[in-house]
Amino acid sequence: MNVLLHICCAPCSVMSIDVLRKEGHNLTGYWYNPNIHPYTEYKNRLDALIGYAKVVDIKLIVNDFYGLEMFTKNVITDLANRCDFCYEERIRVTAKYAKENGYEGFSTTLLISPYQKHDRLKQVCEKIALEEKIPFVYTDLRSYFREGQRRARELPLYMQKYCGCIFSEEERYLKKTRITIN
Ligand code: SF4
């Protein structure tokens, strides 16, 4: 099947591409990640993927939208559920592009990460597939995550330290830098 594969980052793409190719799919990569902040981090992740796409010989379509303002406006009143908007936005844009450009299905490398809300992500993808009238190609890739990370470090690829949004960066680092004064 000709599949448009949403790619969240180069490390997550390593085993996702391998496994989906082995399943017989002809893949095109699609970058659309307005959830990644700040801009220097966004650029590092995008550049890493552009480089890796050449290594692994995959066509990559780059929807280069740095979405700090759009993203934060949409999630700021309900930060606890921000991942719902994040999945919906990225997958919706991917599915629409796939439909409009003649792909037979879509998928996402987010399915490899044990740190994502896998069941929620799958639900969002299935809902969007019905609404946009294009199949969602589902494989539970989580068992390949460690192997993908190991190979990414070996290459080496740029390895991010937090999920992506500025709020996940805060969750990752604030505890470690907070100073307690008695
Ligand atoms: S934590 Fe990750 S998945 Fe959730 S909103 Fe932030 S970038 Fe998106």
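From a predicted model like this one, the values you see are computed outputs, not experimental measurements.

Right, let's talk about the overall build of the protein chain for a bit. In terms of regular secondary structure, the protein chain is built from seven helices and four strands. Scanning the protein chain from its N terminus toward the C terminus, one meets helices and strands in the order β-α-β-α-β-α-α-β-α-α-α. The C-alpha atoms of the protein chain give a radius of gyration of 16 Å, which matches the 16 Å a tight globule of 182 residues would have. Each of the three principal axes of the protein chain carries a C-alpha extent, and together these read 60 × 40 × 30 Å. Of all 182 residues assigned to the protein chain, the portion counted as buried reaches 49%. Counting only contacts in the protein chain whose residues sit at least 6 apart along the sequence, the fraction spanning at least 24 positions is 77%. Of the roughly 9500 Å² of accessible surface on the protein chain, 52% is carried by carbon and sulfur atoms. Taken as two groups, the 27 positive and 23 negative side-chain charges of the protein chain have centres that lie 3 Å from each other.

With that out of the way, let us pick up the sheet that holds strand β3 (residues 59-62). What the four strands build is an open sheet, ordered β3-β2-β1-β4; its pairing is parallel. Looking at strand neighbours, the two that pair on one side only are β3 and β4 (105-108), the edges of this open sheet. Adjacent strand axes in the sheet meet at a mean angle of 30° when their direction is disregarded. With four bridges joining them, strand β2 (residues 26-31) and β3 adopt parallel strand pairing. Pairing of Trp31 across the sheet is with Val62, part of β3. Of the strands in this sheet, β1 (2-6), β2, β3 and β4 touch helix α4 (residues 82-100), which is tilted by about 150° from β4.

Take the layout of surface pockets next. The space that makes up the largest pocket amounts to roughly 760 Å³. In terms of lining residues, the largest pocket is bounded by 34 residues, among which Ser113, Tyr115, Gln116, Tyr162 and Cys163 are the most central. Secondary-structure elements contributing two or more residues to the lining of the largest pocket are α1 (10-22), α4, α6 (145-154) and α7 (166-177). Per-element accounting of the lining of the largest pocket gives the leading share, five residues, to α4. Considering only residue class, the lining of the largest pocket consists of 18 nonpolar, seven polar and nine charged.

Further remarks concern unusual backbone geometry. His37 connects to Pro38 through a cis peptide bond whose omega is -10°. Mapped onto the fold, Pro38 is located in the loop between β2 and α2 (39-56). A cis amide bond links Leu155 to the next residue, Pro156, at an omega of -5°. Relative to the elements of secondary structure, Pro156 occurs in the loop between α6 and α7. Despite not being glycine, Asp57 has its phi angle at roughly 55°, a positive value. Here Asp57 shows up in the loop between α2 and β3. A positive phi angle, near 60°, is found at Lys133, a position not held by glycine. With respect to the helices, strands and loops of the structure, Lys133 is situated in the loop between α5 (118-132) and α6. The class of Lys133 is exposed, set by a relative accessible area of 62%.

Moving on: the site of the ligand. Neighbouring residues of the ligand: Asn35, Phe71, Arg82, Cys83, Cys86, Tyr87, Arg90, Gln116, Cys163, Gly164, Cys165 and Ser168. Put simply, the ligand lies in the largest pocket. Among the elements that make up the shell around the ligand, the one with the highest residue count is α4 (five residues). Classifying every residue of the shell around the ligand gives six nonpolar, four polar and two charged.

Quick notes on the rules
Residues numbered from 1 in each chain as written. Predicted model: local features only at pLDDT ≥ 70, side-chain atom pairs only at ≥ 80, totals over all residues. Heavy atoms only, no water. Helix = DSSP H or I, 4+ residues; strand = E, 2+ residues; numbered from the N terminus. Rg over C-alpha atoms; globule rule 2.2 N^0.38 Å. Buried < 20%, exposed > 50% of the residue type's maximum accessible area, 1.4 Å probe, protein only. Contact = heavy atoms within 4.5 Å. Areas by Shrake-Rupley, 256 points an atom, 1.4 Å probe, with all protein chains shown as cover. Lys, Arg positive; Asp, Glu negative; His and termini not counted. Charge placed at Lys NZ, Arg CZ, Asp CG, Glu CD. Pairing = 2+ DSSP bridges. Axes fitted to C-alpha atoms, helices over the stretch in contact; angles between N-to-C directions. 1 Å grid on protein atoms, 1.4 Å probe; cavity = no way out; pocket = protein on both sides within 12 Å on 5 of 7 lines; lining within 4 Å. Points joined across faces, edges and corners; volume = space filled by probe spheres on them. Nonpolar A, V, L, I, M, F, W, Y, C, P; charged D, E, K, R; others polar. Near = heavy atom within 4 Å. Sits in = over half its atoms within 2 Å of the grid points.

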